[in-house]
Amino acid sequence: MNKKSRILVTGGCGFIPSHLIDKLVEEGFNNILSIDNLMGANANFSKNEHCEYQYADIANYKFLDTLFEEEKFDYVFHLAANANVPYSSKFPEVDFSSNALGTFNILNLCVKYNVKKILFASTAAIYGEPAYTPMDEKHELLPRSNYGVTKLYGEKLGLAYEKTYDLDFTGIRIFNTYGPRQSRYVLYDLIRKLSANNKQLEVLGTGEQIRDYSYISDTVNAFFMAFTNPKSRGKIYNVSGGKQTSIKELVAKICEELNIDPEISYTNQSWKGDISNMTGSIDFIKQDLGFEPKIDLKKGLKLSIEWFKHNNLI
Ligand SMILES: NC(=O)c1ccc[n+]([C@@H]2O[C@H](COP(=O)([O-])OP(=O)(O)OC[C@H]3O[C@@H](n4cnc5c(N)ncnc54)[C@H](O)[C@@H]3O)[C@@H](O)[C@H]2O)c1
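Rules used throughout
Numbering of residues begins from 1 in every chain and follows the order in which that chain's sequence is written. Local features in this predicted model are restricted to residues whose pLDDT is 70 or higher, and side-chain atom pairs enter the listing and the counts only when it is 80 or higher, whereas totals over whole chains, interfaces and linings include all residues. Lines fitted to C-alpha atoms define the axes, with helix axes restricted to the stretch in contact, and inter-axis angles between N-to-C directions lie between 0 and 180 degrees. The way it works is that DSSP assigns letters per residue, a run of H or I at least four long becomes a helix, a run of E at least two long becomes a strand, and they are numbered from the N terminus. Crossings are sorted by hand: turned counterclockwise from the far helix by less than a right angle, the near helix makes the crossing left-handed, and turned clockwise it makes it right-handed. Residues are scored as being in contact if the C-beta atoms we place from backbone atoms lie within 7 Å. Domain segmentation is taken from an automatic or database assignment of domains. Put simply, Ala, Val, Leu, Ile, Met, Phe, Trp, Tyr, Cys and Pro go in the nonpolar bin, Asp, Glu, Lys and Arg in the charged bin, and everything else, Gly too, in the polar bin. In a helix, the anticipated span is given by 1.5 Å times the number of residues less one. The exposure label follows from counting other C-beta atoms within 10 Å of a residue's C-beta, where the C-beta atoms are placed from the backbone and the thresholds are 20 or more for buried and 12 or fewer for exposed, leaving partly exposed in between. Comment: arc refers to directions from the helix axis out to C-beta atoms. At least two DSSP bridges between two strands are needed for those strands to be called paired. Near, as applied to residues and a molecule or strand, means the residue's backbone-placed C-beta atom lies within 6 Å of it.

Draft legend 1. How the structure looks around the packing of helix α1 (residues 15-26) against helix α7 (residues 216-228). For the pair α1 and α7, interaxial distance at closest approach is 9 Å and the crossing angle is 65°. In this structure, the crossing between α1 and α7 has a hand that is right-handed. When α1 is examined against α7, the residues Ile16, His19, Leu20 and Lys23 are found in contact with a partner set consisting of Ile216, Thr219, Val220, Phe223 and Phe224.

Draft legend 2. Spotlight on the domain arrangement of the protein. By domain assignment, the protein separates into domain 1 (7-176 + 213-239) and domain 2 (184-212 + 243-276 + 295-310). Computed from C-alpha atoms alone, the centre-to-centre distance between domain 1 and domain 2 is 27 Å. Between domain 1 and domain 2, the contact holds 14 residues from the first and 12 residues from the second. Those elements that provide at least two residues to the side of domain 1 that touches domain 2 are α3 (85-90) and α7. For the side of domain 1 that touches domain 2, the leading source of residues is α3, giving three residues. Residues of the side of domain 1 that touches domain 2, tallied by class, amount to five nonpolar, six polar and three charged.

Draft legend 3. Quick peek at helix α8 (residues 247-258). With 12 residues, α8 should cover 16 Å at 1.5 Å per step; its first-to-last C-alpha distance of 16 Å lies within 8% of that length. Within α8, the full set of buried residues consists of Ile247, Leu250, Val251 and Ile254. Buried residues along α8 cover an arc of 100° about the axis, so they all sit on one side. Where α8 is buried, its residues meet α6 (186-196), β8 (200-203), β12 (245-246), β13 (263-266) and α10 (297-310).

Draft legend 4. Expanded view of the sheet that holds strand β3 (residues 51-55). Read from one edge to the other, the open sheet built from seven strands follows the order β3-β2-β1-β4-β5-β6-β11, with strand pairing classed as parallel. Two strands close off the open sheet at either side, each with one partner strand: β3 and β11 (235-239). Strand-to-strand twist of the sheet, defined as the mean angle between neighbouring strand axes without regard to direction, takes the value 20°. As paired elements, strand β2 (residues 32-36) and β3 share five bridges and run parallel to each other. Counted as the bridge partner of Ser34 is Tyr53 from β3. Each of β1 (7-10), β2, β3, β4 (75-78) and β5 (117-123) is contacted by α1, which is oriented at about 160° to β1, the strand it contacts most. Contacting β1, β4 and β5, helix α4 (residues 92-112) runs over the sheet at an angle of about 170° to β4.

Draft legend 5. The arrangement of the site of the ligand in detail. Neighbouring the ligand are 29 residues, the closest being Gly11, Gly14, Gly40, Ala81 and Ala83. When contributions to the shell around the ligand are tallied by element, the ones reaching two or more residues are α1, β2, α4 and β5. Top element by residues in the shell around the ligand is α1. It accounts for three residues. Along the lines of polarity and charge, the residues of the shell around the ligand split into 16 nonpolar, 11 polar and two charged.

Draft legend 6. Representation of α10 within the structure. Taking 1.5 Å per residue, 14 residues should reach 20 Å; α10 reaches 19 Å between its end C-alpha atoms and fits that length. Taken as a whole, α10 has its buried residues at Leu297, Gly300, Leu301 and Ser304. The arc enclosing the buried residues of α10, seen along the axis, measures out at 100°, which places them on a common side. Relative to its buried face, α10 has exposed residues pointing more than 90 degrees away, namely Lys298, Lys299, Glu306 and His310. Where α10 is buried, its residues contact β7 (177-178), β10 (214-215), β12 and α8.

What follows is the structure in structure tokens.
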């Protein structure tokens, strides 16, 4: 794979995409362009000096058409999206515009301008309530949120384009990813709340919801492995830490790491579209690409909390 290849990363000012850019640069790919409309841009984001950044909305086909024509991208990492599930229910039109229309535009332009490969950030939210856990890639797909539906559309369209237009497409179904630079989602919210008030904590839901946490460097490694291995063509992979953790356990681990013992209460009611158990089997990506998560939750929490402290965020 030529290290001078022109690479487009959509959503490059976001949490996972910004780490992905760092990983690509670390691996010697430094001819990268990022586009982002800053809609959900990461508050803790910092630019990589080897990447160019442009403000753009992936719903704007005309703009993208000119960009693709001029830039002649070899590879595309498509991660731009509304990544916020409750927001997708509140503003379905924004979710549709970024996740469905935006993905449609990117896929069409990849075909039109002969992009060699596209990797797409999908999500565990496309499974819906589990019929069994851990969910493997063959589990039925019955998303409960607008977000899950628009992401499922992106996956299905990518797979159809692989067959119809011979586009090399790979989808990565990401489970809860966490780590430095994160500025949203449950783990970050808990850390922030606990560091602001170490005596009391109110947790959304029952605390029994189960999640499967993947440390950021493991998630971006999975993208990189899929990028560099031709076997990934036309495939969808789960990427998670491969371990079940309840919110209660997560809170306990964060408290241990922060060395605090607060009084904890639960609201019992969670947000609409929340899933009780979101845990994934990573057997397929292990067998097919040799992926193995390297950072367990204890180590990942330690690294994240150290980073938040170092950057005066907690
Ligand atoms: N964080 C997770 O645990 C997780 C889990 C499952 C899937 N994902 C997927 O991974 C990707 C990255 O997630 P993240 O957590 O880093 O989210 P993020 O919000 O930090 O990053 C997404 C970026 O996309 C940009 N964006 C949104 N709409 C856009 C548009 N119309 N045009 C251009 N840019 C646009 C945002 O401004 C943001 O910077 C997303 O596709 C998300 O759906 C993330």
